[in-house]
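# Commentary on secondary and tertiary structure
The lines below spell out each chain.
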Amino acid sequence: MDAVRIYGGNCLSGQTRIQGSKNASLPILAATLLIDGTCEIVNCPDISDVYHMLRLLQSLGCLVSREADVVRIDTKRVAECDMPADSVGVMRSSIMLLGALLARVGEVTMEYPGGCVIGKRPIDQHICALRRMGVEIMEGPEEFCARAERLYGAVHELPFVSVGVTENLILAAVLAEGRTVIHPAAREPEIQALCEFLVGAGGKISGVGTDRLVIEGVRKLHPVRFHVPADRIVAGTYLAACMCAGGRVFLGDAPCGQMESVLACAEKMGVRLSPSPEGLFVEGRACKKPPGALVTAVYPGFPTDLQSLFMAAMVFSGQGGRIEETVFENRFRIVPELVKMGADIRVAGNCASVCGGRPLHNTIVEAQELRGGAALVVAALAAEGTGIVTNRHFIDRGYEDITRSLRELGAEIELA
Ligand code: EPZ
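The structure displayed is predicted, hence computed values, not measured ones.

### As for the sheet that holds strand β13 (residues 225–227)
Spatial ordering of the open sheet is given by β4-β5-β3-β13, a layout of 4 strands whose pairing is mixed. Of all strands in the sheet, those bounded by a partner on one side alone are β4 (63–67) and β13. Taking the axes of each pair of neighbouring strands and ignoring which way they run, one obtains an average angle of 15° across the sheet. Pairing of strand β3 (residues 38–42) with strand β5 (residues 70–74), which is carried by 5 bridges, proceeds in the antiparallel orientation. When the sheet's bridge partners are listed, C39 is paired in β5 with I73.

### Focus: the side chain of T166
Among the secondary structure elements, T166 is positioned in helix α6 (residues 163–173). At a separation of 3.0 Å, a polar atom in the side chain of T166 contacts the main-chain amide nitrogen of A186. Apart from the residues lying within four places of it in its own chain, the contact partners of T166 are I182, A185, A186, I191 and L213.

### A short note on the packing of aromatic side chains
According to the stated counting rule, one finds 4 aromatic pairs in the structure shown. Ring centres of F302 and F310 lie 5.0 Å apart, and the angle between their planes is 75°; this geometry places the pair in the edge-to-face category. We classify F310 as buried; its relative accessible area is 0%.

### Comments concerning the pairing of strand β22 (residues 386–390)
The pairing of strand β1 (residues 3–7) with β22 spans 5 bridges and is antiparallel. Bridge pairing links Y7 to T386 in β22. Regarding topology, helix α12 (residues 370–382) serves as the crossover connection from strand β21 (residues 364–366) to the parallel β22, and that connection is right-handed.

### So, the sheet that holds β21
Spatial strand order, β21-β22-β1-β23: 4 strands in an open sheet with mixed pairing. Looking along the sheet, the strands with just one partner apiece sit at the ends: β21 and β23 (412–415). Across this sheet, the average inter-strand angle for adjacent strands is 20°, counted without regard to direction. One ladder, built from 4 bridges, connects β1 with β23; its direction is antiparallel. Bridge pairing in β23 places I6 opposite I413.

### Examining the environment of E216
Looking at the element boundaries, E216 is found in strand β12 (residues 213–216). Exposure remark for E216: the relative accessible area of 27% places this residue in the partly exposed category. Along the primary structure E216 and C242 are separated by 26 residues, whereas in three dimensions their C-alpha atoms are 45 Å apart. Side chain to side chain, E216 and R179 meet in a polar contact 2.6 Å long.

### A closer look at the packing of helix α8 (residues 232–245) against helix α10 (residues 307–317)
Packing of α8 against α10 leaves a shortest axis separation of 9 Å and a crossing angle of 10°. Between α8 and α10, the crossing angle belongs to the class labelled roughly parallel. On the side of α8, the interface is formed by G236, T237, L239, A240, M243 and C244, while α10 contributes L309, F310, A312, A313 and F316. Grouping the amino acids of the contact of α8 with α10 by side-chain chemistry returns 9 nonpolar, 2 polar and no charged.

### Remarks on the pattern of salt bridges
All chains considered together, the criterion is met by 22 salt bridges. Among the salt bridges present, the one from D49 reaches R397, with a minimum N-O distance of 2.9 Å. In this pair, D49 is assigned in helix α2 (residues 48–59) and R397 in the loop between α13 (392–396) and α14 (402–408), connecting sequence segments 348 residues apart. On the basis of relative accessible area, D49 is assigned to the buried category, the value being 1%. One salt bridge in this structure joins K340 and E337, with 2.8 Å as the shortest N-O distance. Linking K340 with E337, this pair stays in helix α11 (residues 335–340), spanning 3 residues, or about one helical turn.

Rules used in this analysis
- The numbers attached to residues start from 1 for each chain and follow its sequence in the written order.
- Totals for whole chains, interfaces and linings use every residue, but because this is a predicted model, local features are given only for residues with pLDDT of at least 70 and side-chain atom pairs only at 80 or more, for both listing and counting.
- The basis for every side-chain value is the complete set of non-hydrogen atoms in the structure, without hydrogens or water.
- By this definition, two strands are paired if DSSP reports at least two bridges between them.
- Numbering goes from the N terminus for both helices and strands, where a helix is a DSSP run of H or I of at least four residues and a strand is a run of E of at least two.
- Fitting a line to C-alpha atoms yields each axis, with helices limited to the stretch in contact; the angle taken between N-to-C directions then spans 0 to 180 degrees.
- The term polar contact refers here to a pair of N or O atoms within 3.5 Å; inside protein, the definition further demands a hydrogen-donor-capable atom paired with an acceptor-capable atom, and it admits residues adjacent in sequence only when both atoms are side-chain atoms.
- Note on definitions: a residue-residue contact is assigned when non-hydrogen atoms from the two residues lie within 4.5 Å.
- In summary, the pairing rule links any two rings of Phe, Tyr or Trp, Trp by its six-membered ring, whose centres are within 6.5 Å, and it sorts them by plane angle into stacked for under 30 degrees, edge-to-face for over 60 and tilted for everything else.
- Whether a residue is buried, partly exposed or exposed follows from its accessible area with a 1.4 Å probe, protein chains only, as a fraction of its type maximum: under 20%, in between, or over 50%, in that order.
- Crossover handedness is defined here as right-handed if the route from the first strand over the helix to the second strand goes clockwise, with the strands pointing away from the viewer.
- Any angle that is under 35 degrees is reported as roughly parallel, and any over 145 degrees as roughly antiparallel; angles of 65 to 115 degrees are reported as roughly perpendicular and all others as oblique.
- Residue classes follow a fixed rule: Ala, Val, Leu, Ile, Met, Phe, Trp, Tyr, Cys and Pro count as nonpolar, while Asp, Glu, Lys and Arg count as charged, and any other residue, Gly among them, counts as polar.
- What counts as a salt bridge is simple: a side-chain nitrogen of Lys or Arg found within 4 Å of a carboxyl oxygen of Asp or Glu.

The values are spatial; any link to function lies outside them.
If you want it as structure tokens, here you go:
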């Protein structure tokens, strides 16, 4: 079955290593198209979104191989091909191929990217910004065609911060003619990793880590071997597991320096944390209501991808709390499923109020998107009885093997 079975109600104890970052790996894999030769991406997570990205690269003529956590991509034979719709439509990060392919082959025909059900997720800002760099884009009902003889640097004063738009513009700018300025640029660690990869390949990017990136186009990039940083969202997921179920766990390689807002919120909710260069030691369970609302924001604010996970922690703390989701318009999809478990959560617009103090019981619940699905698994660890989370394939998009990792942390969990 495409599901997970959880025997809830037990404390956690153990350690697990945090996988490489999905949201750093995907743009970096797209960026290999800018390099004529073979790149090696180390610590690349073995997850379905990466699988689909590698299939897209192969459909464009790349030679792709994986040995353990090292992925090799040889782009020498990249030609103009249409991408297989079954991969483009599956995930949003395919949009990142747009900038890279325009730089490499000058023309792309692509279906509108898919993604989670967490929001409309339009690509209007991608299209608007690429047009400023000399790209001609013809939009159809199902797909669009983008063409550019040459890409030209441009100054982008964006209307709001977008991770994907920042990434696409970096990929379009690094080999463009002239200077590109991106402001406000997203500052997520995944974008910093992308910039480090490109600078390592000979790109000229300044302002990395700030909200103003300046990219001087260069003529050529050279192949690199790059180590992907650990996934801060996966680390936050297993932190939330301990917050819900209680116990003592160690999360090896957890990138604590990229998780300040998350760790601060977890400590306010009552868990004891010991961050170190080796990882994160977590002890106890959430038992306090965070002062004020948990408000999601662009980095370095609280990440929207951990909002569902911390909602589960608020439920099991018994103290409740308030959440304001400011990034996506439909990211409370786990609420009806948590209510099936006995939670009392009220949603009004982009705010959710979690009432505490009710015993929760396991039942059959349905994952509807990646991070909400992970949150349901984490919630089931703490609820009484045996729970089933269906639609495991959503979770497999971003977690190498959530059952293995949680078993390493002492959970009683299995594929169903
Ligand atoms: C990236 O999505 C991540 N995905 C998301 O992670 C993450 O939640 C999001 O950034 C925010 O941090 C990947 O990196 C593959 P945005 P992205 O562009 O780039 C709107 C996960 O769980 N917008 O920063 O799509 C958009 O609708 C995933 O790993 C436009 O309106 O996010 C959203 O409301 C989920 N027009 C807001 O901007 C556009 O052209 C921010 O989206 C582009 C975006």
